[in-house]
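In case you want the letters, here they are:
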Amino acid sequence: MAPSIIEGPVNGVIAPLKSTLGGNSTQPQVRRTIDEEGGKTTASYPEYLPVFDYSEKYPPLEPFTHTEHGTAADASFKDLLAEGSKIQKLTPTIGSEVTGVQLSKLTDAGKDQLALLVAQRKVVAFRDQDLADLPIADALDFGGYFGRHHIHPTSGAPEGYPEVHLVHRNDTSLKYENVNSTVAWHSDVTYEQQPPGTTFLYILDGPEVGGDTIFVDQVEAYKRLSPPIQELLHGLKAVHSGFEQADFSLKRGGVVRREPVKNEHPLIRTHPATGEKALFVNGGFTRSIVGLKKEESDALLTFLLAHVGRGIDYQARIRWAPKTVVVWDNRVTAHSAVVDWTSGERRHLARITPQAERPYETPYVPQEEEA
């Protein structure tokens with residue numbers, strides 16, 4: 001989950017690890033998150049504590065051909081949901097919870113079926129997983145099956161593994177300083193030309209209670225719109241921008257490892273494995289609608305974002321527990337962390353973020369004709 005530009009400090013204390021600037025500069029080139037005086041930590045997985053390398057600079061991302069594994073998957077899920085496993089829906093349209101499956105042991109056929117299941121259910125929580133206990137390279141090897149790894153331009157990463165995006169926070173004292181609510185709906189890094197698809201987030205440390213993640217079903221959000229509004233949105237594109245995120249990182253002394261970009265994506269996106277149409281708009285990165293005057297764009301985006309945010313009947317709340325891996329499809333969902341836990345408790349998660357195809361839409365068809 002990308003840090004919101006309104007969240008404030010998200011990584012606790014950032015302290016120098018080493019300096020390579022030379023001279024009398026006090027600005028370190030590499031910073032590591034520490035939690036207690038003297039550099040000691042009580043983190044369960046210290047190898048996953050965030051490191052910010054100011055010397056790392058990455059070139060622009062190049063287009064690549066994405067293989068969507070869910071399109072060829074066996075819909076019986078026989079290689080994923082083997083005997084002894086259990087799957088339970090959380091809501092009718094979005095969210096399931098699975099036990100009795102070990103993701104890291106899946107065959108390629110099982111991985112294909114995982115991609116399809118997640119596309120269908122939007123977000124799936126897998127309990128009792130070993131992903132956090134594997135060597136980080138092995139966890140990345142597993143996630144890389146689903147697409148090219150995205151390297152986040154501003155977040156901290158485990159030392160030596162920039163492909164892992166870290167969520168680490170143990171201070172919630174400023175959570176309501178500038179906002180009345182910490183809810184910040186977004187889909188991850190949609191400013192990229194090829195945003196993420198099947199995405200993995202696994203917990204390392206969590207508070208006793210709180211710190212859940214909420215997901216909203218953007219397919220159902222699209223279906224709830226009236227046919228005239230659906231037809232209006234087809235053919236329109238929106239600007240998704242990473243400039244604000246980069247600016248926010250710089251203002252709080254963070255890193256920007258790749259020059260920020262913006263891209264235009266269709267407001268209605270089609271999923272390649274299910275053929276479902278989804279509303280592809282989010283409050284984190286969607287800035288304007290192409291071709292509309294500012295007042296028109298602002299009014300339409302305000303309506304669509306409010307429509308997503310208040311859709312409690314097509315949202316699912318995932319409660320974190322030790323050894324949990326949450327897998328969701330960034331193409332057809334938006335999500336938000338809930339910053340409601342006791343300050344001083346650690347919320348520490350790792351995200352593996354395979355990129356997918358460039359968003360596209362298929363022609364508008366009235367829902368009664370699709371049925």
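Scroll up to find the structure.
How each quantity is defined
- Residues numbered from 1 in each chain as written.
- Predicted model: local features only at pLDDT ≥ 70, side-chain atom pairs only at ≥ 80, totals over all residues.
- Heavy atoms only, no water.
- Salt bridge = Lys/Arg side-chain N within 4 Å of Asp/Glu carboxyl O.
- Helix = DSSP H or I, 4+ residues; strand = E, 2+ residues; numbered from the N terminus.
- Buried < 20%, exposed > 50% of the residue type's maximum accessible area, 1.4 Å probe, protein only.
- Pairing = 2+ DSSP bridges.
- Axes fitted to C-alpha atoms, helices over the stretch in contact; angles between N-to-C directions.

1. Regarding the pattern of salt bridges
Here comes step 1: Using the criterion set out here, one finds 20 salt bridges in the structure.
Here comes step 2: The salt bridge involving Asp133 is made with Lys323; its shortest N-O contact spans 2.5 Å. In this pair, Asp133 sits in the loop between β6 (123–126) and α2 (136–143) while Lys323 sits in the loop between β15 (315–318) and β16 (325–329), placing the two residues 190 residues apart along the sequence.
Here comes step 3: Accessibility expressed as a relative area gives 43% for Asp133, which makes it partly exposed.
Here comes step 4: Owing to a relative accessible area of 34%, Lys323 belongs among the partly exposed residues under this scheme.
Here comes step 5: In this structure, Asp205 engages Arg346 in a salt bridge whose closest nitrogen and oxygen atoms are separated by 3.8 Å.

2. Focus: the sheet that holds strand β14 (residues 286–289)
Here comes step 1: Here we have three strands laid out as an open sheet, ordered β11-β10-β14, and antiparallel in their pairing. In this open sheet, the two edge strands, each paired with only one partner strand, are β11 (262–266) and β14. For this sheet, the mean angle separating the axes of adjacent strands, direction not counted, is 30 degrees.
Here comes step 2: Bridge count between strand β10 (residues 237–241) and β11: five bridges; the pairing is antiparallel.

3. Examining the sheet that holds β15
What holds strands together in a sheet is hydrogen bonding between their backbones, with the strands either parallel or antiparallel.
Here comes step 1: Judged by pairing direction, the sheet is antiparallel, and its three strands sit side by side in the order β15-β9-β17 without closing on themselves. Only two strands of the sheet have a single neighbouring strand rather than two, namely β15 and β17 (333–337). Averaged over neighbouring strand pairs, the angle between their axes works out to 20 degrees when direction is ignored.
Here comes step 2: Of the strand pairs in this sheet, strand β9 (residues 213–217) and β15 are connected by four bridges, and their pairing is antiparallel. Within β15, the position partnered with Ile214 by the bridge is Arg317.

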